[in-house]
Every structure is written in C-alpha cells, then in structure tokens.
Amino acid sequence: MTKIGSLRRVLFPCFTSSASISDIRSTTTTKKRLSTSLRDDINPSTETEETPVSDDQEDHDSDSSSPVVHSSHNPMAPPRSSKTMVIGTIFGHRRGHVWFAVQHDRLKTRPSLLLELSIPTQSLVQEMRFGLVRLALECHNSPESELGSCPLRSVPVWTMFCNGRKVGFAVRKKATEPIRLMLKSIQSTTVGAGVIPSFGFESGGDNGGELIYMRASYECIMGGPDSESFHLINPDGCLGQELSIFLMRSR
C-alpha cells in the first residue's frame, strides 16, 4: 500500500486540474521541488502563460533540481586539488638503485611515469623499517631554462631528499622492453611485495639476479602545475609502512 500511495501522489496531479492539486497538497505532504507548475505561490496568470511540458520532462526537472539547490549554497567554493587512484610499483635489484613506476591502468605495461632514483635499494629498505618514508623530488626553475613551461612529469632531472636528507638525484626514464615484461608479469597483482625474475633488466651495475618489488595503490594529488604527490594506500596495515613521493617545482 505504501508504493501504491507514492505512485498515486506522483501520477494523480498529471490528470487533474490545478484547483484540485491545491486541495490535495493541503491534505498530503509532497516535495515542492517536483515541478514549478505544482507550486502554490505561482499566480494563475503565470500558469496559463507557461507552455505545457511532458511527463518525462517533469521527471527530468525533478531529478536535476536537487544538485542545483546544493550548488547554490556554495557559489564561491574554493577550487579543490584533483585526486586520482593510480598503481605504483617500486622495484630494483638488491645491489642496484630503486625505480618507481606509475600506472593509471595496471593492464597497460607502459607506465605514465617512470623514475630512476639514485637511492640504493638496501638504503630504502632500511628507511622503510622505521615505518615512515617521505621522498621529495625538487626541481629548481631558472630564468634561462624551459622547465617552468613543460609539464611537471616531463622534468628530466630532480634533486631528491629522503626524510629531509639529500640523497642524490632522480631521472625520468622511458620504459624499455624488460621493464614492460616485468610490469606485465605482475599485472594481476594490485597490492603485494616479493621477488621476481629480472627479465633482462639491468640497473646500477647489476645485470643479473632477481628484482625486489613492492606494488600498491597510491592516491595521486595534483596540487597545481608545480606540485604533485603520491601517497601509498596501506590496506589494513599489510605493507607495514607509510610512503609518500612528492614532485615539486620551485620558481
């Protein structure tokens, strides 16, 4: 009976005159945002001048009225930084350097961002044991360079800091075939860490052995044209640490 009563309140005004609608509204409680033709504060002369609309159009206006009211409460809301979810993979040889790959789609083996970090793999593992790692990659824009106009991810070289200490540099790289094979081998893994074959990948003088990797979801925050950050999402603490990577360009 409740569903029948709800349908009766919505459909009955479509087949009755405006006079009977006013009587019904005085005895039943209905939402005033269904349509402007059902409002009591409209003059009769205004109602006669309005062009009739179909039932489908009235339903569309009723559904879209709520977001419009919501936006009117904050007409001068400040712009927010955009947030997206990406897949981040940290990998490297035991005696080599750390690499960081960002993928918007884990099924695509070509990363949208690939960085080679000068920090050794063992050093990063030691930092992760304390449970808090902040990697800051900073680029200084000089007046004679063109780094200020290029996209942030296109900057070729960064100065890198690990938990406030300068540890070297980071270099943007292009994905080679061994890196694509490595990413393809773990494309079914969303969150995890382990050891995998190197697939012929060479880095930091280590041309053999296995690769250590840590793969997880990251929240990517675009703070503007000069700042971007990646924050590891730790599901239920299974990875055991907090990790954030910041890209910053100073002008």
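To start, this report covers the structure provided alongside it. As the structure is a prediction and not an experimental result, all values here were calculated from the model. (Residues numbered from 1 in each chain as written. Predicted model: local features only at pLDDT ≥ 70, side-chain atom pairs only at ≥ 80, totals over all residues. Heavy atoms only, no water.)

Of regular secondary structure, the protein possesses six helices and ten strands. Every one of the 251 residues in the protein was classed for burial, and the buried ones make up 31%. Long-range pairs, those at least 24 residues apart, make up 55% of the contacts in the protein with a sequence separation of at least 6. In the form shown here, the protein has an accessible surface area of approximately 15,600 Å², with 55% of it arising from carbon and sulfur atoms. (Helix = DSSP H or I, 4+ residues; strand = E, 2+ residues; numbered from the N terminus. Buried < 20%, exposed > 50% of the residue type's maximum accessible area, 1.4 Å probe, protein only. Contact = heavy atoms within 4.5 Å. Areas by Shrake-Rupley, 256 points an atom, 1.4 Å probe, with all protein chains shown as cover.)

In this structure the tally under the stated criterion is five salt bridges. For the salt bridge of Lys173 with Glu116, the shortest nitrogen-to-oxygen distance reads 3.7 Å. You can see Lys173 sitting in the loop between β6 (165-172) and α6 (177-185) and its partner Glu116 sitting in strand β3 (residues 113-120), a full 57 residues away along the chain. Its relative accessible area of 35% is what places Lys173 among the partly exposed residues. A relative accessible area of 19% places Glu116 in the buried class. Its salt-bridge partner being Glu228, residue Arg153 comes within 2.6 Å of it at the nearest N-O pair. Of this pair, Arg153 sits in the loop between β4 (132-140) and β5 (157-162) while Glu228 is found in strand β9 (residues 227-232), placing the two residues 75 residues apart along the sequence. (Salt bridge = Lys/Arg side-chain N within 4 Å of Asp/Glu carboxyl O.)

This part is about the nonpolar core. Counting 31 residues, the largest nonpolar core has Ile90, Leu117, Leu137, Trp158, Tyr218 and Phe230 as the members making the most contacts within it. If we skip the residues at most four places from it in the chain, Trp158 touches Leu115, Leu137, Glu138, Cys139, Leu152, Gly168, Phe169, Ala170, Leu247 and Met248. (Core = buried A, V, L, I, M, F, W, Y, C linked by side-chain atoms within 4.5 Å.)

Examined against the element boundaries, Thr84 turns out to sit in strand β1 (residues 82-93). For the pair formed by Thr84 and Phe230, sequence separation is 146 residues and the distance between their alpha carbons is 9.6 Å. In contact with Thr84, not counting residues within four places along its chain, are Tyr218, Glu219 and Cys220.

For strand β8 (residues 210-224) and β9, the ladder comprises six bridges, and the chain directions are antiparallel. Bridge assignment links Glu219 to a residue of β9, and that residue is His231. What sits between β8 and β9 in their antiparallel hairpin is a turn of two residues. Across five bridges, β9 lies against strand β10 (residues 242-250) in antiparallel orientation. Counted as the bridge partner of His231 is Ser244 from β10. (Pairing = 2+ DSSP bridges.)

Turning next to the packing of aromatic side chains. Within this structure, the stated rule accounts for five aromatic pairs. Plain terms: the ring middles of Phe91 and Phe201 are 5.7 Å apart, the flat faces sit at 65 degrees to each other, and that makes the pair edge-to-face. Here the residue Phe91 occupies a position in strand β1, and Phe201 occupies one in the loop between β7 (192-197) and β8, the gap between them amounting to 110 residues. Judged by relative accessible area, which is 2%, Phe91 ranks as buried. Arranged with centres 5.2 Å apart and planes meeting at 80 degrees, the rings of Trp99 and Phe201 form a pair that is edge-to-face. With Trp99 in strand β2 (residues 97-103) and Phe201 in the loop between β7 and β8, this pair connects stretches of sequence that are 102 residues apart. Among the aromatic residues, those joined into a cluster by ring pairs are Phe91, Trp99 and Phe201. (Phe/Tyr/Trp six-rings, centres within 6.5 Å; stacked < 30°, edge-to-face > 60°.)

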